[in-house]
Amino acid sequence: MQANGFFDGIGEAIGDAIRVVVEFLLGFFTNFFGAFDDFIDGLTRSLGINASFFSILVLVIGLWLLWRGFRALLRGSLLGAIVRIVLALFILSWLMM
């Protein structure tokens, strides 16, 4: 009976350790995704857009084009900068209507 008690204790200790790790990871990712959801909700509410995947994708594309336009402006490519900035502003203004 003593041998079963020893291995029972080891199994219980390993099970408790696994439970602690799983509960930690569950709490971490629950808080992380909750914070991400709150961030997206605040961002879309302040911009006046829907919180859909399509709206967020269009927003990212518009900001990326705006960034590329400013980079082209700093490189000295005036025509490329104007085209990218105007296209980005067109996309972002269309999104926020």
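Preceding this section is the structure that the text describes.
Note on numbering: residues in each chain are counted from 1, in written sequence order. In view of the model being predicted, local features appear only for residues whose pLDDT reaches at least 70, and side-chain atom pairs are presented and counted only at 80 or more, with totals across whole chains, interfaces and linings using the full set of residues. Just so you know, side-chain values use all the structure's heavy atoms and leave hydrogens and water out.

Participant: Just checking my understanding: could you explain the environment of Met97 for this structure?
Facilitator: Relative to the helices and strands, Met97 is located in the segment after helix 3 (78–95). Burial classes: relative accessible area under 20% of the type maximum marks a residue as buried, over 50% as exposed, and values in between as partly exposed (1.4 Å probe, protein chains only). A relative accessible area of 81% means that Met97 is categorised as exposed. A C-alpha to C-alpha distance of 8.1 Å links Met97 and Ile49, two positions 48 residues apart in sequence. Runs of E in the DSSP output that reach at least two residues are strands. Runs of H or I that reach at least four are helices, and both are numbered from the N terminus.

Participant: Would you mind going over the packing of helix 2 (residues 53–75) against helix 3 with me for this structure?
Facilitator: A pair of packed helices is captured by two measures, namely the crossing angle of their axes and the spacing between those axes. Axis lines are fitted through C-alpha atoms, for helices just across the contact stretch, and the angle between N-to-C directions can take any value from 0 to 180 degrees. One can describe the packing of helix 2 onto helix 3 by two numbers: an axis separation of 8 Å at closest approach and a directional angle of 160 degrees. On the basis of the axis angle, helix 2 is roughly antiparallel to helix 3. For the element pair helix 2 and helix 3, the recorded crossing hand is left-handed. Residues are sorted three ways: Asp, Glu, Lys and Arg are charged, Ala, Val, Leu, Ile, Met, Phe, Trp, Tyr, Cys and Pro are nonpolar, and all the rest, Gly among them, are polar. Of the residues in the contact of helix 2 with helix 3, the class split is 19 nonpolar, 4 polar and 3 charged. Every angle not falling under 35 degrees, over 145, or within 65 to 115 is termed oblique; those three ranges are roughly parallel, roughly antiparallel and roughly perpendicular. In a left-handed crossing the near helix is turned counterclockwise from the far helix by less than a right angle, and in a right-handed crossing that turn is clockwise.

Participant: Which parts of the structure should I look at to understand helix 2?
Facilitator: Spanning 23 residues, helix 2 covers 33 Å between terminal C-alpha atoms, matching the ideal 33 Å at 1.5 Å per step. The complete set of buried residues in helix 2 reads Ser55, Ile56, Val58, Leu59, Gly62, Leu65, Leu66, Gly69 and Ala72. Directly beyond the C-terminal end of helix 2, a positive phi value near 100 degrees is found at Gly76. By definition here, a helix of n residues has an expected span of 1.5 Å times n minus one.

Participant: Would you take a moment to explain the environment of Ile49 for this structure?
Facilitator: Note that Ile49 resides in the loop between helix 1 (2–47) and helix 2. You can call Ile49 buried: its relative accessible area is 10%. With 22 residues separating them along the chain, Ile49 and Gly27 place their C-alpha atoms 30 Å apart. Non-local contacts of Ile49, meaning those with residues more than four positions away in its chain, are made with Thr44, Ser55, Leu59, Leu95 and Met96. Here, residues are in contact when the closest pair of their heavy atoms is within 4.5 Å.

Participant: Please explain a nonpolar patch on the surface as it appears in this structure.
Facilitator: Nonpolar side chains (Val, Leu, Ile, Met, Phe, Trp, Tyr) are joined into patches within 5 Å and like charges within 9 Å, using only residues with over 30% relative accessible area and no salt bridge. Calculation of accessible area relied on Shrake-Rupley with a 1.4 Å probe; when residues are assessed, cover is drawn exclusively from the protein chains displayed. Any carboxyl oxygen of Asp or Glu within 4 Å of a side-chain nitrogen of Lys or Arg constitutes a salt bridge here. A contiguous nonpolar patch, built from Val21, Phe24, Leu25, Phe28, Phe29, Phe32 and Phe33 and spanning about 730 Å² of accessible area, is present on the exposed surface. As for its position among the elements, Phe24 is in helix 1.

Participant: What is the right way to read the side chain of Ser55 from this model?
Facilitator: With respect to the secondary-structure elements, Ser55 resides in helix 2. Accessibility expressed as a relative area gives 8% for Ser55, which makes it buried. Dropping the residues within four chain positions of it, Ser55 is found in contact with Ile49, Asn50 and Leu95.

Participant: Can you walk me through helix 3 in this structure?
Facilitator: An α-helical turn contains 3.6 residues, so a residue and the one three or four places further along point in the same direction. The end-to-end C-alpha distance of helix 3 is 26 Å, a good match for the 26 Å that 18 residues give at a rise of 1.5 Å each. Of all the positions in helix 3, only Ala81, Ile85, Ala88, Ile91, Leu92 and Leu95 are classed as buried. For helix 3, the buried positions fall inside an angular range of 130 degrees around the axis, keeping them on one side. Exposed residues lying more than 90 degrees from the buried face of helix 3 are Leu78, Leu79, Val83, Val86 and Phe90. Each element contacted by the buried residues of helix 3 is listed here: helix 2. Working note: the arc is built from the helix axis to C-beta atom directions.

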